[in-house]
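Coordinate inspection notes
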Amino acid sequence: MKTETPEVTAKRPKRKDRLASEEALLEAALGLFSSQGFEVTTTKMIAQKADVNEALITRYFGGKQGLFISLVDRFITGISTRQLPYPPQSTLTRELERYVIDRIQQYRSRSEFSKAYYAQALIDKKFKKKFYQTVSVNLERNLLERLQILNKEEKIRGGCVEEIRQDISTYMSGLFLQDRLLRETPEEETIRKALRFVRKYAVAFET
């Protein structure tokens, strides 16, 4: 039977403690950034809410900005890697209809945090540069998989899969910025607008 040295045993609680502290800081920061914004929120406020040492923010994340970027990365990764909650659709129009509705509804749960991100990206060029150097922005990864299925079934024009993904990505980013963040358009109206767009758009690519 393999036995562990005292040194190995002693290290395990530290690893668990670090993961717990990181998670506590991320959760505390998410709440504060969402309600207070990036500039108003201080590392002291985050540490107090998380009930951990303030110095750990710098040690684990490189400071407040690094913590904020980690939250954005987690948000984007969660959206892009999750399984879509509906089955593959038989046409491009139906697939895009279901997709944009799902994305808009998903956005609802993080709308306040998204406002903090967009606001900071607009006023802080250094933050925006560091964000794009750190985070892989590919929100439509799960849509790409669905488009590839339709392509194999010859339901869309060959060679247009990546073009469609990029177009939908650009459209959804603009829609969120204009309707949900700046104008605060009701969700139902945003969905109707998105559906009108994808229905007209899909016609150009369906076989």
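Analysis parameters
- Residues numbered from 1 in each chain as written.
- Predicted model: local features only at pLDDT ≥ 70, side-chain atom pairs only at ≥ 80, totals over all residues.
- Heavy atoms only, no water.
- UniProt positions renumbered as here; feature names shortened; annotations may be inferred.
- Helix = DSSP H or I, 4+ residues; strand = E, 2+ residues; numbered from the N terminus.
- Salt bridge = Lys/Arg side-chain N within 4 Å of Asp/Glu carboxyl O.
- Buried < 20%, exposed > 50% of the residue type's maximum accessible area, 1.4 Å probe, protein only.
- pLDDT = per-residue confidence, 0-100.
- Contact = heavy atoms within 4.5 Å.
- Axes fitted to C-alpha atoms, helices over the stretch in contact; angles between N-to-C directions.
- Parallel < 35°, antiparallel > 145°, perpendicular 65-115°, else oblique.
- Left-handed = near helix turned anticlockwise from the far one by under 90°.
- Nonpolar A, V, L, I, M, F, W, Y, C, P; charged D, E, K, R; others polar.
- Expected span 1.5 Å × (residues − 1).

Observations concerning the UniProt feature "DNA-binding region" (unreviewed entry) in the protein chain
UniProt's entry tags residues 42-61 with the feature "DNA-binding region" (unreviewed entry), counted in the numbering of this structure. Regarding residues 42-61, the helix share stands at 75% and the strand share at 0%, and the terminal C-alpha atoms are separated by 14 Å.

Details of the pattern of salt bridges
Inspection of every chain in the model, using the stated rule, returns 11 salt bridges. A salt bridge links D102 to R82; the shortest N-O distance between them is 2.6 Å. One end of the pair, D102, is in helix α5 (residues 92-108); the other, R82, is in the loop between α4 (64-81) and α5, and 20 residues separate them in sequence. Note that E95 is salt-bridged to R146, the shortest N-O span being 3.0 Å. With a gap of 51 residues between them, E95 in helix α5 and R146 in helix α8 (residues 141-152) connect regions that are remote in the sequence. Each member of the pair, E95 as well as R146, is classed as buried. Put simply, E23, E27 and R74 are held in one network by salt bridges that share partners.

A word on the confidence of the model for the protein chain
Here the protein chain shows a mean pLDDT of 86. Residues at 70 or above account for 89%. In the predicted structure, residues 8-12 sits below a pLDDT of 50 and forms 2 contacts with residues beyond four places in sequence or in another chain.

Side note on the packing of helix α9 (residues 161-182) against helix α10 (residues 187-203)
Two elements in contact, α9 and α10, have axes separated by 11 Å at closest approach and are oriented at 155 degrees. Our classification of the angle between α9 and α10 gives roughly antiparallel. The hand of the α9/α10 crossing is right-handed. Every residue of α10 that contacts α9 at E163, I164, D167, I168, Y171, L175, D179 and R180 is listed here: E187, T190, K193, A194, F197, V198 and Y201. Considering only residue class, the contact of α9 with α10 consists of 8 nonpolar, 1 polar and 6 charged.

Some points on α8
With 12 residues, α8 should reach 16 Å at 1.5 Å per residue; the first-to-last C-alpha distance of 17 Å fits that figure. Here the buried face of α8 lies against α4, α5 and α9.

Some details on the side chain of N142
If you trace the backbone, N142 turns up in helix α8. For N142, a relative accessible area of 6% corresponds to the buried category. With near-sequence residues (within four places) excluded, N142 lies in contact with I79, S80, R82, L84 and Y99.

Structural notes on the side chain of E22
Its place among the elements puts E22 in helix α1 (residues 6-36). With a relative accessible area of 19%, E22 lands in the buried category. Leaving out residues up to four positions away in the same chain, E22 has contacts with Y60 and F61.

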